[in-house]
Amino acid sequence: VDQSISPQVQLPPQIATTLTDDAVEPAGAVVVQPPADLWERIRIGFALAEMGTPLVQEHENWYANRPDYVRRMVDRSQRYLYYIVEEVEKRGMPTEVALLPMIESAFNPKAYSTAHASGIWQFIPSTGKNFGLQQNWWYDGRRDITAATGAALDYLQKLYGMFGSWEHALAAYNWGEGNMQRAINRNEAKGLPTDFLSLRMPAETRNYLPKLLAVKHLIANPQAFGLDLASVPNQPYFTKVATGKHIDVALAARLAETPADEFASLNPGHNRPVINSKDTEYLLLPADKA
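Residues numbered from 1 in each chain as written. Predicted model: local features only at pLDDT ≥ 70, side-chain atom pairs only at ≥ 80, totals over all residues. Heavy atoms only, no water.

## Points about a positive patch on the surface
Put simply, the rule reads: Patch criteria: residues need more than 30% relative accessible area and no salt bridge. Like-charged residues are merged within 9 Å; nonpolar side chains of Val, Leu, Ile, Met, Phe, Trp and Tyr are merged within 5 Å. With residues, only the protein chains shown are counted as cover, and all accessible areas are computed by Shrake-Rupley using a 1.4 Å probe. Salt bridges are counted wherever a side-chain nitrogen of Lys or Arg sits within 4 Å of a carboxyl oxygen of Asp or Glu. Counting rule for charge: Lys and Arg are taken as positive, Asp and Glu as negative, and neither His nor the chain ends is counted. The location of each charge is read from NZ of Lys, CZ of Arg, CG of Asp or CD of Glu. The helix and strand labels rest on DSSP assignments: H or I over at least four residues marks a helix, E over at least two residues marks a strand, and numbering proceeds from the N terminus.
A cluster of basic side chains, namely Arg-182, Arg-186, Lys-190 and Arg-200, defines a positive patch on the protein surface. The residue Arg-182 is located in helix H9 (residues 177-189) in this model.

## Side note on the packing of aromatic side chains
Formally: Only centres within 6.5 Å qualify two rings of Phe, Tyr or Trp (six-membered ring in Trp) as a pair; their planes then separate them into stacked at under 30 degrees, edge-to-face at over 60, and tilted for everything else. Geometrically, a lysine NZ or arginine CZ counts as sitting over a ring once it is within 6 Å of the ring centre and also within 35 degrees of the ring normal.
Enumeration according to the criterion identifies 10 aromatic pairs in this entry. Between Tyr-63 and Tyr-69, the ring centres sit 6.4 Å apart and the planes meet at 40°, which makes this aromatic pair tilted. Through successive ring pairs, a cluster of aromatic residues spans Phe-123, Phe-131, Tyr-155 and Tyr-173. A cation sits over an aromatic face here: Lys-240 above Tyr-282, 4.4 Å from the ring centre. Sitting over the face of the ring of Trp-137, Arg-272 holds its NZ or CZ atom 3.9 Å from the ring centroid.

## As for the side chain of Gln-157
We apply this condition: Note on exposure labels: buried denotes an accessible area under 20% of the residue type's maximum, exposed denotes more than 50%, and partly exposed covers the range between, all computed with a 1.4 Å probe on protein chains only. Polar contact is defined as a pair of N or O atoms within 3.5 Å, subject to the rule that within protein one atom must be able to donate a hydrogen and the other to accept it, and that residues adjacent in sequence are counted only when both atoms are side-chain atoms.
Mapped onto the secondary structure, Gln-157 falls in helix H7 (residues 145-163). Gln-157 sits in the buried class, given a relative accessible area of 0%. Looking at Gln-157, its side chain comes within polar contact range of the side chain of Arg-91, at 2.8 Å.

## Side note on the environment of Leu-156
Quick reminder of the rule: Only heavy atoms matter for contacts: two residues are in contact if any of them lie within 4.5 Å across the pair.
Turning to its location among the elements, Leu-156 is positioned in helix H7. Linking Leu-156 and Met-93, residues 63 residues apart in sequence, is a C-alpha distance of 9.4 Å. Setting aside residues no more than four positions away along its own chain, Leu-156 makes contact with Met-93, Val-97, Leu-100, Trp-166, Ala-169, Leu-170 and Tyr-173.

## Describing H9
Just so we agree on the cut-off: For a helix, the expected span equals 1.5 Å multiplied by the number of residues minus one. The directions from the helix axis to the C-beta atoms are what the arc is built from.
Taking 1.5 Å of rise per residue, 13 residues should cover 18 Å, and H9 covers 18 Å from first to last C-alpha, within 8% of that figure. Turning to H9, its buried residues number three or more, namely Met-180, Ala-183, Ile-184 and Asn-187. Viewed end-on, H9 has its buried residues packed into an arc of 95°, placing them on one side of the element. Packing partners of the buried residues in H9 comprise H7 and helix H8 (166-175). Just beyond H9, the residue with positive phi is Gly-191, at close to 70°.

## Quick notes on the packing of H8 against H9
Where we set the bar: Fitted lines through C-alpha atoms serve as axes, helices being fitted only where they are in contact, and the angles separating the N-to-C directions of these axes extend from 0 to 180 degrees. Angle categories: roughly parallel below 35 degrees, roughly antiparallel above 145, roughly perpendicular from 65 to 115, and oblique for all the rest. In this classification, Asp, Glu, Lys and Arg are treated as charged, Ala, Val, Leu, Ile, Met, Phe, Trp, Tyr, Cys and Pro as nonpolar, and every other residue, Gly included, as polar.
At a minimum axis distance of 7 Å, the contact between H8 and H9 shows a crossing angle of 125°. Accordingly, the angle class assigned to the pair H8 and H9 is oblique. Only Glu-177, Asn-179, Met-180, Ala-183, Ile-184 and Arg-186 of H9 make contact with H8, whose side of the interface consists of His-168, Ala-171, Ala-172 and Trp-175. When its residues are assigned to classes, the contact of H8 with H9 shows 6 nonpolar, 2 polar and 2 charged.

## A closer look at the layout of surface pockets
Which entries qualify depends on this criterion: Here a cavity denotes grid points, spaced 1 Å and computed from the protein atoms alone, that fit a 1.4 Å probe unable to get out, and a pocket denotes an open set having protein on both sides within 12 Å along at least 5 of 7 lines; residues with an atom within 4 Å of a point are the lining. Grid points are joined across faces, edges and corners, and a volume is the space filled by probe spheres set on the points.
For the largest pocket, the calculated volume is near 460 Å³. Looking at the largest pocket, it is lined by 19 residues, and the ones nearest its centre are Glu-104, Gln-122, Tyr-173, Asn-174 and Glu-204. When contributions to the lining of the largest pocket are tallied by element, the ones reaching two or more residues are helix H5 (100-104), H8 and helix H10 (203-220). Here the lining of the largest pocket takes 4 residues from H10, the largest share from any one element. In terms of residue class, the lining of the largest pocket is made up of 10 nonpolar, 6 polar and 3 charged.

## Observations regarding helix H3 (residues 67-77)
Among the residues of H3, Val-70, Met-73, Val-74 and Ser-77 are the ones counted as buried. Seen from one end, H3 has its buried residues packed into an arc of 100°, which puts them on one side. Contacts made by the buried residues of H3 are with helix H1 (38-44), helix H2 (54-64), helix H4 (81-90) and H5.

See the structure below:
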């Protein structure tokens, strides 16, 4: 992906690259440790502008009135968030992007919509194929955590390159770039503003960015909404293990001493009880089980 299409965010000292063993620290330098909690790391990278619409507060209230739903969503997210945040930061993207699966799928890797969108990033079949996600009898790359994350961030960077605005890019992720461009063209032809709130769009897309901003606010200050946000360690949850042969799913989980449901949550792209090594070169396992 052409990194020039995404604005580069200067990472603060908390998450900047650490000194190498042979580097010399300046006298009197203060070494700032990275935050122990992943939520704090995410908050540091927030960059989206606020939006003047009551829709944001409506979605804040919706989440605040469903603490059990938020708890389940956060519980699922901790398997994947560290990896996603790492990938988002590598590309210089706002860390709000890492929260996008909360409004797409509530971090449910088996989420499947009426529009046939699948996985935590909710790719429809055609868009998934356009971004290299295989889909066959054995395997669906739209549900593969690392493959789909890479594809989603590629797509979002492409959209940012097209529209020059994260607000438009995020709306286009939901609505499609063609629809977004036509909406912009209509307003331009009438001499009207082309910001997100000025465009005519379906209700789902109209609510899409306000919903993400509502989630951002919940993460930024959960106490203000009466929510107890469970801590997520700022460290890898899973690691990749190379596969060289086909293997039975149950056997792989047993060899990794990992519960079957946990194994499936990390490797949800496999459709059958046997993992076909032709479809994927690795498995994801809890970091302490690899």
